[in-house]
Amino acid sequence: MDDKKMKFKVYRNGFLKGCIVSMAVTYLFYRSLVISGIVSLLYGIYNIFQGKKEYIKKQHYEITLEFREGLQGIAAALGAGYSIENAIGEATKDLVLLYGEDSLLASEFLRMSHQFKLNQSAEKVFLDFAERWQTEDIRHFVKVFQAAKRTGGDLISITRLAAEKISEKIEVRREIQTIIAGKRMEGRIMNLIPLGIILYFWLCSPGFLDCLYQHSGRGVMTILLVLYVFAYRWSEKVSDIKV
């Protein structure tokens, strides 16, 4: 699946998910198809941008994983006496075996190999690569790589050290995700409890909440909805620990 189709799928799924979730939640708070429909459309559009952020975040994580393997392949090729240009080509072969031809980094390395054939310098090619992705690990490596090329530094040691640091960072992130996985699940269950309470009254005590769905009660429900959304966003923010 090419990048355009993938992005369209992400945007479509984000819009549909936002519409469905917001429709269900707002209908519980307002019991009005008109209000729920308007809110669901607005939130669906908003969720397109959220889906785009999640898609980019996922891609950055994937290319970081692949970049670690790519650096190890480059270091091995450099150690065998290859130039940096040829080392990229050798590392690409390993990436294709590990992740397939359509992997993010394999595509980037193929593009870099093509730029080398056009006689572009390694510094410029790596800088272009870093600017396209804007990830912290890639940017830091490219800065160190450029300095090493200008000063004649040990590219093999630098590349291996960068791969080790990325590996350590990935492992720390995995450990953190494992530790907070249970708490994150607890938070999501807690987020469902208010909705469950409203639904319980609907099913077990019809008419008990009718006063809150009249004009005088809509303001109260709006305040409660705002507080609920704030609590939900806060719980998601707390569990989103960046490494």
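Just so it is clear, the model here is predicted, and its values are computed rather than measured. (Residues numbered from 1 in each chain as written. Predicted model: local features only at pLDDT ≥ 70, side-chain atom pairs only at ≥ 80, totals over all residues. Heavy atoms only, no water.)

Q: Even after reading the chapter, I still don't get the overall build of the protein, so can you show me in this structure?
A: Within the protein, the regular secondary structure consists of eight helices and zero strands. Along its sequence from the N terminus, the protein presents helices and strands in the succession α-α-α-α-α-α-α-α. Its C-alpha atoms give the protein a radius of gyration of 25 Å, clearly above 18 Å, the size a compact globule of 243 residues would have. Its C-alpha atoms give the protein principal-axis dimensions of about 80 × 35 × 30 Å. Within the protein, the proportion of its 243 residues that are buried is 33%. When contacts within the protein are restricted to residue pairs at least 6 apart in sequence, those whose partners lie at least 24 apart make up 65%. Only carbon and sulfur atoms are counted for the fraction: they give 63% of the accessible area of the protein, which is about 15200 Å². Taking the average place of the 33 positive charges on the side chains of the protein and the average place of its 26 negative ones, the gap between the two points comes to 7 Å. (Helix = DSSP H or I, 4+ residues; strand = E, 2+ residues; numbered from the N terminus. Rg over C-alpha atoms; globule rule 2.2 N^0.38 Å. Buried < 20%, exposed > 50% of the residue type's maximum accessible area, 1.4 Å probe, protein only. Contact = heavy atoms within 4.5 Å. Areas by Shrake-Rupley, 256 points an atom, 1.4 Å probe, with all protein chains shown as cover. Lys, Arg positive; Asp, Glu negative; His and termini not counted. Charge placed at Lys NZ, Arg CZ, Asp CG, Glu CD.)

Q: Sorry, what's going on with a nonpolar patch on the surface here?
A: Taken together, Met185, Ile189, Met190, Ile193 and Ile197 make up a surface patch of nonpolar side chains, about 480 Å² in accessible area. Position of isoleucine 189 relative to the elements: it lies in helix α7 (residues 155-204). (Patch = residues over 30% accessible without salt bridge, like charges linked within 9 Å, V, L, I, M, F, W, Y side chains within 5 Å. Salt bridge = Lys/Arg side-chain N within 4 Å of Asp/Glu carboxyl O.)

Q: Sorry if this is basic, but what is going on with the environment of leucine 28 here?
A: One can find leucine 28 in helix α1 (residues 3-30). Separated by 11 residues in sequence, leucine 28 and lysine 17 place their C-alpha atoms 17 Å apart. The residues touching leucine 28, leaving out its near neighbours within four places in the chain, are Leu195, Ile198, Leu199, Trp202, Tyr213 and Met221.

By themselves, these are just geometric observations and shouldn't be taken as functional.
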